[in-house]
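So you can see what is in the structure, the chains are spelled out below.
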Amino acid sequence: QTQHLTGLYVGCWDLSLSLGLKKTADFHDPEFLGMLQNVLDVARKNDLVAGVHCDTPETAVRMREMGFDMVTPLTDTNLLQKAAAQGVRRFRE
């Protein structure tokens, strides 16, 4: 029953690990994309908001176009990597 549930939020790395896929969160893998579509179908059938955690802004745009209501366009890892690279670059200058 979903009477108290308002939405679904997909952790793509967790989902791909649970499915036993070789690559985690491969947003180009047809099998993985099929599972995301299944989540969307279930959400729509049950009038739920569908959210997904993405790795890049480009992936977030694709997932929004796919039909997800809410997307996370960046990960903490990506943000930290970019900030660290920028800090090292500034230091070396």
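Preceding this section is the structure that the text describes.
Everything in this summary refers to the structure shown in the same document. (Residues numbered from 1 in each chain as written. Predicted model: local features only at pLDDT ≥ 70, side-chain atom pairs only at ≥ 80, totals over all residues. Heavy atoms only, no water.)

Regarding the sheet that holds strand β3 (residues 70–72)
Remark on secondary structure: sheet strands pair via backbone hydrogen bonds, oriented parallel or antiparallel.
Here is step 1 of the chain: Reading across the sheet, the 3 strands line up as β1-β2-β3 and stay open at both edges, with parallel pairing between neighbours. If you trace the sheet from one side to the other, it starts and ends with β1 (7–10) and β3, each paired once. Averaged over all neighbouring strand pairs, the angle between strand axes comes to 15 degrees, with direction disregarded.
Here is step 2 of the chain: Both β1 and strand β2 (residues 49–53) contribute to a ladder of 4 bridges, which runs parallel. Looking at β2, one finds that Y9 is bridged to G51.
Here is step 3 of the chain: Across the sheet, helix α2 (residues 30–45) touches β1 and β2, and the angle it forms with β1 is around 170 degrees. (Pairing = 2+ DSSP bridges. Helix = DSSP H or I, 4+ residues; strand = E, 2+ residues; numbered from the N terminus. Axes fitted to C-alpha atoms, helices over the stretch in contact; angles between N-to-C directions. Contact = heavy atoms within 4.5 Å.)

Focus: the packing of helix α1 (residues 12–19) against α2
Here is step 1 of the chain: Running from amino to carboxyl end, α1 crosses α2 at an angle of 115 degrees, the nearest separation of the two axes being 11 Å. By the angle between their directions, the pair α1 and α2 is classed as roughly perpendicular. The interaxial crossing formed by α1 with α2 has right-handed handedness. Counting all contacts with α1, which are made through C12, L15, S16 and L19, the residues of α2 involved are F32, M35 and L36.
Here is step 2 of the chain: Broken down by class, the residue content of the contact of α1 with α2 amounts to 6 nonpolar, 1 polar and no charged. (Parallel < 35°, antiparallel > 145°, perpendicular 65-115°, else oblique. Left-handed = near helix turned anticlockwise from the far one by under 90°. Nonpolar A, V, L, I, M, F, W, Y, C, P; charged D, E, K, R; others polar.)

Re the packing of α2 against helix α3 (residues 57–66)
Here is step 1 of the chain: Close contact between α2 and α3 brings their axes to 11 Å; oriented N to C, the two are set at 50 degrees. Between α2 and α3, the angle is such that the two are oblique. Once α2 is placed against α3, the crossing between them reads as right-handed. Each of L33, L36, Q37 and L40 in α2 lies in contact with α3, whose residues at this interface are R62, M63 and M66.
Here is step 2 of the chain: Here the contact of α2 with α3 is built from residues that sort into 5 nonpolar, 1 polar and 1 charged.

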